[in-house]
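Working through the structure, step by step
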Amino acid sequence: MDFELSEEQGAFRQAAREFAAGEMAPLAAHWDAECIFPVDIIRKAGELGFCGMYTSQEDGGMGLSRLDAAIVFEELAAACPSTTAYMTIHNMVNWMLATWASPAVRERWAPLLASGRKLGSYCLTEPGAGSDAGSLSMRAQLRNGYYHLDGAKAFISGAGATDLLIVMARTGGAGPNGISAFAVPADTPGLGFGRKEVKMGWNSQPTRAISFDDVRVPADHLLAAEGEGFRIAMRGLDGGRINIATCSVGAAQAALNAAREYMGERRQFGNRLASFQHLQFELADMQTELVAARQMVRLAATKLDAGAANASVYCAMAKRIATDIGFKVCNQALQIHGGNGYIREYPLERYLRDVRVHQILEGTNEIMRVIVSRHLLEQTTEEIR
């Protein structure tokens, strides 16, 4: 086992770190305060390949591994977890389209998405189907060469500002096997976008509900085949869980760095905070747990890259531990800052607000525990390992 980054991975990390410091960090608080979706910055990230990292080179992407992508996302999230989280969703949309779309649709959209010239949204969640994605009710019926989509989606990142939607809808009977996936251009007649949600965090990306009223898409906009949508969604969620976990790690690393610097500068009772043993222990525990979370995420990414049979459960474990630890570290860093951590002059409260939702989306952490416990109870000891 080699825990060191390769020379190429080190170069990716450095490029991401420089982009984050130069293009994202100076404006992240402004985007948050004014609820600005920084499309121009996302397109600049696309010029570096960050919008199509694990899309194949043939489809305009970089063809990187999930581990490589996690390394990049961690650096970007240290500057702005919210914007980076949207970029992870966009990467998933691009990968789904490039993997399962018909040749004509793939050739039309994949290079545009990979370059960041066009942006995507992922439409799975419904008002009545969150963690239980297999129960979604939105319908798609094939008539005269077109699928007619009717229903509603909720909590869609980027909605109203993106160009292509990957939509899960029911073409068959009840349950997961009746779900199919579609590529739907966002300007298709019959689409309606709800008000921009007012959120606790993730303010640099718009979140809206989307309504579908007899939205017609050509039959070749079906991804893979009818009934394959749930499998596609679950494949996407494995990678999505690694992505959101690494966003938590990146934000927590930035929070830890800020806390360490603050402890070296701030004086109380005539001494620097760094001289108080209790805070030294606190910092040591934050560092230890953060390293553990990072290695768990990278192990899960390696499992996914290798196509391991137990990759899904490792993705679930990584998502659970990294998002819980990420929030904990951000919260502890804020506490070390005292009252200063609570005001917007410092980035701690933004990190805290942004990472809180990571424990909910891509499957709640309670669902992650269900996935892990089922695997643990159903498999042999060797299969678990």
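Look up: the structure comes first, before these words.
These lines cover the structure that appears in this document, whether it is placed above or below. Residues take numbers from 1 onward in each chain, read along the sequence in its written order. Given that this is a predicted model, residues contribute local features only at a pLDDT of at least 70 and side-chain atom pairs are listed and counted only at 80 or more, while totals for whole chains, interfaces and linings are drawn from all residues. The side-chain numbers reported here are obtained from all heavy atoms of the structure, hydrogens and water having been left aside.

Turning next to the overall build of the protein. Per the secondary structure count, the protein includes twelve helices and ten strands. We take the radius of gyration over the C-alpha atoms and set the globule estimate at 2.2 Å times the residue count to the 0.38 power. Whereas a compact globule of 385 residues would reach a radius of gyration of roughly 21 Å, the protein reaches 21 Å, a difference of no more than 12%. Once the C-alpha set of the protein is aligned to its principal axes, its extents read approximately 80 × 50 × 40 Å. Within the span of the protein, comprising 385 residues, buried residues form 53% of the whole. When contacts within the protein are restricted to residue pairs at least 6 apart in sequence, those whose partners lie at least 24 apart make up 72%. Of the roughly 16700 Å² of accessible surface on the protein, a fraction of 52% belongs to carbon and sulfur atoms. Charge assignment: positive for Lys and Arg, negative for Asp and Glu; neither His nor the chain ends contribute. To locate a charge, the coordinates of NZ of Lys, CZ of Arg, CG of Asp or CD of Glu are taken. For the protein, the centre of its 38 positive side-chain charges and the centre of its 43 negative side-chain charges are spaced 4 Å apart. What counts as a helix is a DSSP run of H or I of at least four residues, what counts as a strand is a run of E of at least two, and both are numbered from the N terminus. Only protein chains enter the calculation, and the probe is 1.4 Å; a residue is then buried if its accessible area is under 20% of its type maximum, exposed if over 50%, and partly exposed in between. What makes two residues a contact is simply this: any of their non-hydrogen atoms within 4.5 Å. Only the protein chains shown count as cover for residues, and all accessible areas are computed by the Shrake-Rupley method using a 1.4 Å probe.

Quick look at the pattern of salt bridges now. By definition here, a salt bridge exists when the distance from a side-chain nitrogen of Lys or Arg to a carboxyl oxygen of Asp or Glu is within 4 Å. All chains considered together, the criterion is met by 15 salt bridges. The closest approach of N and O atoms between glutamate 126 and lysine 153, which form a salt bridge, is 3.0 Å. Separated by 27 residues along the polypeptide, glutamate 126 in the loop between strand S1 (120-123) and strand S2 (139-143) and lysine 153 in strand S3 (residues 146-157) bring together distant segments of the chain. A salt bridge links aspartate 214 to arginine 143; the nearest nitrogen and oxygen atoms lie 3.9 Å apart. Linking aspartate 214 in strand S7 (residues 207-218) with arginine 143 in strand S2, this pair joins segments that are 71 residues apart in sequence. The network of salt bridges with shared partners includes Asp32, Arg344, Glu349 and Arg353.

To continue, consider the environment of arginine 267. Here arginine 267 lies in strand S9 (residues 267-268). Given the relative accessible area of 49%, arginine 267 is considered partly exposed. The term polar contact refers here to a pair of N or O atoms within 3.5 Å; inside protein, the definition further demands a hydrogen-donor-capable atom paired with an acceptor-capable atom, and it admits residues adjacent in sequence only when both atoms are side-chain atoms. Here glycine 270 takes part through its backbone oxygen, which lies 2.9 Å from a polar atom of the side chain of arginine 267.

What follows deals with the nonpolar core. Nonpolar side chains tend toward joint burial in soluble globular proteins. The definition of a nonpolar core used throughout is a set of buried Ala, Val, Leu, Ile, Met, Phe, Trp, Tyr and Cys residues joined through side-chain atoms within 4.5 Å. Phe50, Leu76, Leu97, Tyr122, Ile166 and Met168 are the most contacted members of the largest nonpolar core, which has 60 residues in total. Broken down by element, the residue count for this core peaks at eleven residues, all from helix H5 (residues 81-100). For phenylalanine 50, the contacting residues outside a window of four places in its chain are Ala15, Ala16, Phe19, Ala45, Val72, Leu76, Met87 and Asn91. Core analysis: the second largest hydrophobic core is formed by 40 residues, Ile71, Ile242, Leu290 and Val313 among them.

Turning our eyes to something else, we now look at the environment of leucine 113. Mapped onto the secondary structure, leucine 113 falls in helix H6 (residues 103-115). Looking at leucine 113, the relative accessible area reads 0%, which means it is buried. Contacts of leucine 113, omitting those with residues within four sequence positions, involve Cys51, His90, Asn94, Leu97, Lys118, Leu119, Gly120 and Leu164.

So, about the packing of aromatic side chains. Aromatic rings from Phe, Tyr and Trp, taking only the six-membered ring of Trp, are treated as a pair when their centres fall within 6.5 Å; an angle between ring planes under 30 degrees marks them as stacked, one over 60 as edge-to-face, and anything in between as tilted. Using the criterion set out here, one finds six aromatic pairs in the structure. Note on phenylalanine 37 and tyrosine 86: the rings are 5.1 Å apart at their centroids and 90 degrees apart in plane angle, and the pair reads as edge-to-face. Within this pair, whereas phenylalanine 37 is found in the loop between helix H2 (28-34) and helix H3 (39-47), its partner tyrosine 86 is found in helix H5, the two being separated by 49 residues in sequence. Taking the centre distance of 6.1 Å and the plane angle of 90 degrees together, the rings of tyrosine 262 and tyrosine 346 count as edge-to-face. In this pair, tyrosine 262 sits in helix H7 (residues 229-265) while tyrosine 346 sits in the loop between helix H9 (311-337) and helix H10 (348-356), placing the two residues 84 residues apart along the sequence.

For the rest of this paragraph, the subject is the layout of surface pockets. Taken as a whole, the largest pocket encloses approximately 1300 Å³ of empty space. Within the residue set of the lining of the largest pocket, elements represented by two or more residues are H5, S3, H7, H9, H10 and helix H11 (365-378). The residue makeup of the lining of the largest pocket, split by class, is 23 nonpolar, 14 polar and nine charged. Method remark: on a 1 Å grid restricted to protein atoms, a set of points is classed as a cavity if a 1.4 Å probe fits but cannot get out and as a pocket if it is open with protein on both sides within 12 Å along at least five of seven lines; lining residues have an atom within 4 Å of a point. Grid points are joined across faces, edges and corners, and a volume is the space filled by probe spheres set on the points. Residues were grouped as follows: Ala, Val, Leu, Ile, Met, Phe, Trp, Tyr, Cys and Pro as nonpolar; Asp, Glu, Lys and Arg as charged; and all remaining residues, including Gly, as polar.

Looking now at the environment of phenylalanine 37. With a relative accessible area of 15%, phenylalanine 37 lands in the buried category. When the C-alpha atoms of phenylalanine 37 and glycine 158 are compared, they prove to be 8.2 Å apart, with 121 residues separating the residues in sequence. Excluding its chain neighbours within four sequence positions, the residues that come into contact with phenylalanine 37 are Ile42, Tyr86, Leu119, Ala161, Ser204, Gln205 and Pro206.

Another point: the packing of H5 against H6. Relative orientation and spacing of two packed helices are given, respectively, by the angle between their axes and the distance between those axes. Interaxial angle, 0 to 180 degrees, is taken between N-to-C directions of lines fitted to C-alpha atoms, where a helix line uses only the stretch in contact. Close contact between H5 and H6 brings their axes to 9 Å; oriented N to C, the two are set at 155 degrees. Relative to H6, H5 is oriented roughly antiparallel. At the point where H5 passes H6, the crossing takes the left-handed sense. Across the interface between the two elements, His90, Asn94, Leu97 and Ala98 from H5 touch Val105, Arg106, Trp109, Ala110, Leu113 and Ala114 from H6. Here the contact of H5 with H6 is composed, by residue class, of seven nonpolar, two polar and one charged. For classification purposes, an angle smaller than 35 degrees is called roughly parallel, one larger than 145 roughly antiparallel, one from 65 to 115 roughly perpendicular, and anything else oblique. Left-handed describes a crossing whose near helix is turned anticlockwise from the far helix by less than a right angle; the clockwise case is right-handed.

Here we take up the side chain of aspartate 32. Tracing the sequence through the fold places aspartate 32 in helix H2. Only 3.0 Å separates the side chain of aspartate 32 from the side chain of asparagine 203, close enough to count as a polar contact. Beyond its immediate stretch of four places on either side in the chain, aspartate 32 contacts Asn203, Arg344, Arg350 and Arg353.

In this description, a disulfide is simply a cysteine sulfur pair whose atoms lie within 2.5 Å. By the definition in use, this model includes zero disulfides. With no disulfide of its own, cysteine 247 has cysteine 80 as its nearest cysteine by sulfur position, at a separation of 9.7 Å. With relative accessibility at 0%, the residue cysteine 247 sits in the buried group. Here cysteine 315 stays unpaired: no disulfide links it, and the sulfur of cysteine 247, its closest cysteine neighbor, is 14 Å away.

Let's shift gears to the packing of helix H8 (residues 277-306) against H9. Remark: H8 packs on H9, axes separated minimally by 8 Å, with the N-to-C direction vectors making an angle of 155 degrees. Taken together, the axes of H8 and H9 lie roughly antiparallel to each other. Where H8 crosses over H9, the handedness of that crossing is left-handed. Here the residues of the contact of H8 with H9 are counted per class, giving 20 nonpolar, one polar and four charged.

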